[in-house]
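Close look at the chain arrangement
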Amino acid sequence: MSFKNRFREWISDNLRYLLLGLGIVVVVAAIFFGVWFLTSSMNKNKDEGNKGNKTTPTPTVTQAPDEEATSKSEEEDGEPEALKKDDNAEIAALMNQYYTALGGKNMDVLKSVVDNLSEEEQASIEAESNIEGYNDIASYTFQGQQEGTYVVIVSFNSKYKDIETVAPGLSQMYVYTNTEGKLVIAAEIEDEAVSTYMKDIQNQPEVKTLIEETQNAYEAARASDAKLDALITSVAGA
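Residues numbered from 1 in each chain as written. Predicted model: local features only at pLDDT ≥ 70, side-chain atom pairs only at ≥ 80, totals over all residues. Heavy atoms only, no water.

Let's shift gears to the overall build of the chain. A tally of helices and strands in the chain yields eight helices and six strands. Its helices and strands in sequence order give the chain the pattern α-β-β-α-α-α-α-β-β-β-β-α-α-α, from N to C terminus. Looking at the chain as a whole, 56% of its 238 residues qualify as buried. Accessible surface, the chain: about 10100 Å² in total, of which carbon and sulfur atoms supply 44%. (Helix = DSSP H or I, 4+ residues; strand = E, 2+ residues; numbered from the N terminus. Buried < 20%, exposed > 50% of the residue type's maximum accessible area, 1.4 Å probe, protein only. Areas by Shrake-Rupley, 256 points an atom, 1.4 Å probe, with all protein chains shown as cover.)

Taken in spatial order, the four strands make up an open sheet running β3-β4-β5-β6, and their pairing is antiparallel. Every other strand in the sheet has two partners, leaving β3 (131–143) and β6 (183–185) as the edge strands with one partner each. Strand after strand, the sheet turns through a mean of 35° between neighbouring axes, direction not considered. Pairing between strand β4 (residues 149–160) and strand β5 (residues 167–177): 10 bridges, direction antiparallel. Within β5, the position partnered with valine 152 by the bridge is methionine 173. (Pairing = 2+ DSSP bridges. Axes fitted to C-alpha atoms, helices over the stretch in contact; angles between N-to-C directions.)

A few words on helix α3 (residues 89–104). Here α3 contains 16 residues, and its C-alpha end-to-end distance of 22 Å stays within 8% of the 22 Å for a straight helix at 1.5 Å per residue. Among all positions of α3, only Ile91, Ala92, Leu94, Met95, Tyr98, Tyr99, Ala101, Leu102 and Gly103 are buried. (Expected span 1.5 Å × (residues − 1).)

Predicted coordinates in areas of low pLDDT are best not read in detail. A residue-level look at the chain finds 65% of positions with pLDDT of 70 or above and a mean pLDDT of 75. Segment residues 1–80 is flagged for pLDDT under 50; beyond a separation of four residues in sequence, or across chains, it makes 452 contacts in the model. (pLDDT = per-residue confidence, 0-100. Contact = heavy atoms within 4.5 Å.)

Our next topic: the packing of aromatic side chains. Scanning the entire structure with this criterion turns up four aromatic pairs. With a centroid separation of 5.0 Å and an interplanar angle of 85°, the aromatic rings of tyrosine 98 and tyrosine 99 are classed as edge-to-face. An aromatic cluster of three or more residues is present, and its members are Tyr98, Tyr99, Tyr134 and Phe156. (Phe/Tyr/Trp six-rings, centres within 6.5 Å; stacked < 30°, edge-to-face > 60°.)

This next bit is on the side chain of serine 139. One can find serine 139 in strand β3. With a relative accessible area of 1%, serine 139 lands in the buried category. Not counting chain neighbours up to four residues away, the residues in contact with serine 139 comprise Lys84, Lys85, Asp86, Asp87, Ile91, Ala92, Met95, Val152, Ile153 and Val154.

Between helix α7 (residues 205–224) and helix α8 (residues 226–236), the shortest axis-to-axis distance is 5 Å and the interhelical angle comes to 115°. With respect to α8, the axis of α7 lies roughly perpendicular. Along the contact surface, α7 presents Tyr218, Ala221, Arg222 and Ser224, while α8 presents Ala226, Leu228, Asp229, Ile232 and Thr233. When its residues are assigned to classes, the contact of α7 with α8 shows five nonpolar, two polar and two charged. (Parallel < 35°, antiparallel > 145°, perpendicular 65-115°, else oblique. Nonpolar A, V, L, I, M, F, W, Y, C, P; charged D, E, K, R; others polar.)

Here the focus is the nonpolar core. Within the largest apolar cluster, 33 residues are counted, with the highest numbers of intra-cluster contacts made by Met95, Tyr98, Tyr99, Leu110, Val175 and Ile185. Elements represented by at least two residues in this core include exactly α3, α4 (107–113), β3, β4, β5, β6, α7 and α8. Ranked by the residues each element gives to this core, the list is headed by α3, at seven residues. (Core = buried A, V, L, I, M, F, W, Y, C linked by side-chain atoms within 4.5 Å.)

With that settled, consider the environment of tyrosine 160. With respect to the element layout, tyrosine 160 can be found in strand β4. The class of tyrosine 160 is buried, set by a relative accessible area of 4%. Tyrosine 160 sits 28 residues away from glutamate 132 along the chain, and the two C-alpha atoms are 5.1 Å apart.

Okay, structure coming up:
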């Protein structure tokens, strides 16, 4: 899925607060993505090869619990382990940089943090006139299947022009370390195994809880502000 499509989904899905897998937020893998959105909102998911699986250089992130670990945690503690916000400083900084650039339509920065941002995708971002910016950005990082790769779920609040109430959103991105040792967001995911892994993360109990909480907050925001609800309805048909 291209960034452009992700960007549109971000506006609808992000607005609906469904964490769509592979949002690159502006692009990856986040935009709830402008970003895919979840969603993002913004984001093109791309695997550079592995060919660049999206992730942070120096991997020092929280490893996503596998089924056995999750099961063990639930048996011993009676409930799933809570997600850790911004536990990977490098990835948190990347997501903040990305969303700040996305909200400000700073193409130079976006092209430096997203592996393949096409001219068409840039045009889509620049054409978006409703989004004023993104606030309260928080990252939840999961270790990827390969060293130096990560799956990141990003929560944020979308600020729309001339509307005081913000709309909560989520985005899922794939991050990887490129050949220069730099952490970048994948604009597109082509590896089916990676896509499946990202969907599996969405199904983890603690992630489902985050999605549900965001969905509830999103619906509450719309219910509390007729102007916000009207805008979202006109843009997303929701």
